[in-house]
Amino acid sequence: MSRTAEIERNTKETQIKMELNIDGTGESEINTGIGFFDHMLEGFSKHGFFDLKLHVNGDLAVDGHHTVEDTGIVLGQAIKEAIGDKKGIKRYGSFLLPMDDTLVLCALDLSGRPYLVYEGEFAAEKAGCMDTELVREFFYAISYSAGMNLHIRVLSGTNAHHMIEAMFKAFAKALDEATTIDIRIKDVLSTKGILA
C-alpha cells in the first residue's frame, strides 16, 4: 500500500505544491524562498525517512509568515492524507533529540484531535532570514491540519539555529515512529475503533 499524498494549495498569499511519501528514504527537493526554512525541512525529510517535494511561491515581499504557516497547513494535510484510515499504525511517537547545547523533546499522537503544546523561547529574532517566532506558527498549523496532538519542548539550549533544527528533527523522528506499521495492530489503536 502506497502511503503518499499530493497537495496543491493556492491563495492570494501563497501557491504551494507538495508531494509526500511517508515510506520514503529521506530524499527531498525543497524550495520555499526562505533558505533557513528549506534547510529545516530537508532535515525533517532526511531524519524521518520521508520523501518530500515542495515548491512554494509566497509573498515574501511582505514577510515570511504566510509562506511558513501555509507550508505547515499543507504538510499537515499531506500527513493526514498519506496515513489514510490509520489502520496498523503505532499512533504515538516520541523522541528526545540532543544537538550541541540543545535538548528537545517531541511527543505526538495521531489521534485526529488537534492540540499543540509548545515551549521554546529564542534570544535571537531571526535564524538566517527566518523569523524565529514563525517556528511555533509552523507546528501549530501542522497539528491542526493533520489532527495531531503535538508537544514540543526545548529542555535546554541557547543557540537559535540548534534549537530550531533539533525541533524539526525530533518532530521527524517522532512522526516516523507514530506512522510505523505494527503487525500486532489489526485495525486502529483505539478502544473507540476509530481515530478521527
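Basis of the calculations
- Residues numbered from 1 in each chain as written.
- Predicted model: local features only at pLDDT ≥ 70, side-chain atom pairs only at ≥ 80, totals over all residues.
- Heavy atoms only, no water.
- Core = buried A, V, L, I, M, F, W, Y, C linked by side-chain atoms within 4.5 Å.
- Buried < 20%, exposed > 50% of the residue type's maximum accessible area, 1.4 Å probe, protein only.
- Helix = DSSP H or I, 4+ residues; strand = E, 2+ residues; numbered from the N terminus.
- Contact = heavy atoms within 4.5 Å.
- Polar contact = N/O pair within 3.5 Å; in protein donor to acceptor, adjacent residues only side chain to side chain.
- Salt bridge = Lys/Arg side-chain N within 4 Å of Asp/Glu carboxyl O.
- Expected span 1.5 Å × (residues − 1).
- Phe/Tyr/Trp six-rings, centres within 6.5 Å; stacked < 30°, edge-to-face > 60°.

Asks: Would you explain the nonpolar core in this entry?
Replies: In summary, soluble globular proteins display a tendency toward joint burial of nonpolar side chains. Formed by 58 residues in total, the largest nonpolar core has its most connected members in Phe-139, Met-148 and Phe-171. Here the element with the most residues in this core is helix α4 (residues 160–179); it accounts for 12 residues. Excluding anything up to four places from it in sequence, Phe-139 contacts Leu-116, Tyr-118, Leu-150, Ile-152, Met-167, Phe-168 and Phe-171.

Asks: Before we go on, may I ask you to explain the environment of Ser-156 in this structure?
Replies: Relative to the assigned elements, Ser-156 resides in strand β10 (residues 149–156). Every residue in contact with Ser-156, bar those within four places of it in the chain, is listed here: Asp-101, Thr-102 and Leu-103. At 3.5 Å, the side chain of Ser-156 forms a polar contact with the backbone oxygen of Asp-101.

Asks: What am I meant to see in the pattern of salt bridges here?
Replies: Charged atoms that come close allow side chains of opposite charge to pair. Summed over the entire model, instances satisfying the criterion amount to 7 salt bridges. Between Lys-126 and Asp-131 there is a salt bridge, and its shortest N-O distance comes to 2.5 Å. Owing to a relative accessible area of 45%, Lys-126 belongs among the partly exposed residues under this scheme. Among the ionic pairs, Arg-184 bridges to Asp-182, the shortest N-O distance being 2.7 Å.

Asks: Help me understand helix α1 (residues 35–48), please; the structure alone is not making it clear to me.
Replies: A turn of α-helix holds 3.6 residues, and therefore any two residues three or four places apart point the same way. Between its terminal C-alpha atoms α1 stretches 20 Å, which fits the 20 Å expected from 14 residues at 1.5 Å a residue. Buried residues of α1: Phe-36, Phe-37, Asp-38, Met-40, Leu-41, Gly-43, Phe-44, Ser-45 and Gly-48, and no others. Immediately beyond the C-terminal end of α1, within one or two residues, lies Phe-49, with a positive phi of roughly 60 degrees.

Asks: Before we go on, may I ask you to explain unusual backbone geometry in this structure?
Replies: Negative phi is the rule for most residues except glycine; trans is the rule for most peptide bonds. Positioned with a positive phi, Phe-49 is a non-glycine residue whose angle comes to about 60 degrees. The topology assignment puts Phe-49 in the loop between α1 and β4 (51–58). Notably, Arg-91 is not glycine yet its phi reads approximately 75 degrees, a positive angle. Checked against the element boundaries, Arg-91 lands in the loop between α2 (65–83) and β5 (92–99).

Asks: What is the right way to look at the packing of aromatic side chains in this model?
Replies: For any pair of aromatic rings, geometry is given as the distance between the ring centres together with the angle between the planes. One pass over the full model with this rule turns up 8 aromatic pairs. Consider the rings of Phe-138 and Phe-168, whose centres lie 5.1 Å apart with planes at 15 degrees: the pair is stacked. In this pair, Phe-138 is assigned in helix α3 (residues 134–146) and Phe-168 in helix α4, connecting sequence segments 30 residues apart. For the pair shown, Phe-138 and Phe-168 are each scored as buried. Geometrically, the ring pair formed by Tyr-140 and Tyr-144 is stacked, given 4.6 Å between the ring centres and 25 degrees between the ring planes. Of the two residues, Tyr-140 and Tyr-144 are both situated in helix α3; the distance of 4 residues between them amounts to about one turn of the helix. Owing to a relative accessible area of 34%, Tyr-140 belongs among the partly exposed residues under this scheme. Taken together through their ring pairs, the aromatic side chains of Phe-37, Phe-44, Phe-50, Phe-138, Phe-139, Phe-168 and Phe-171 make up a single cluster.

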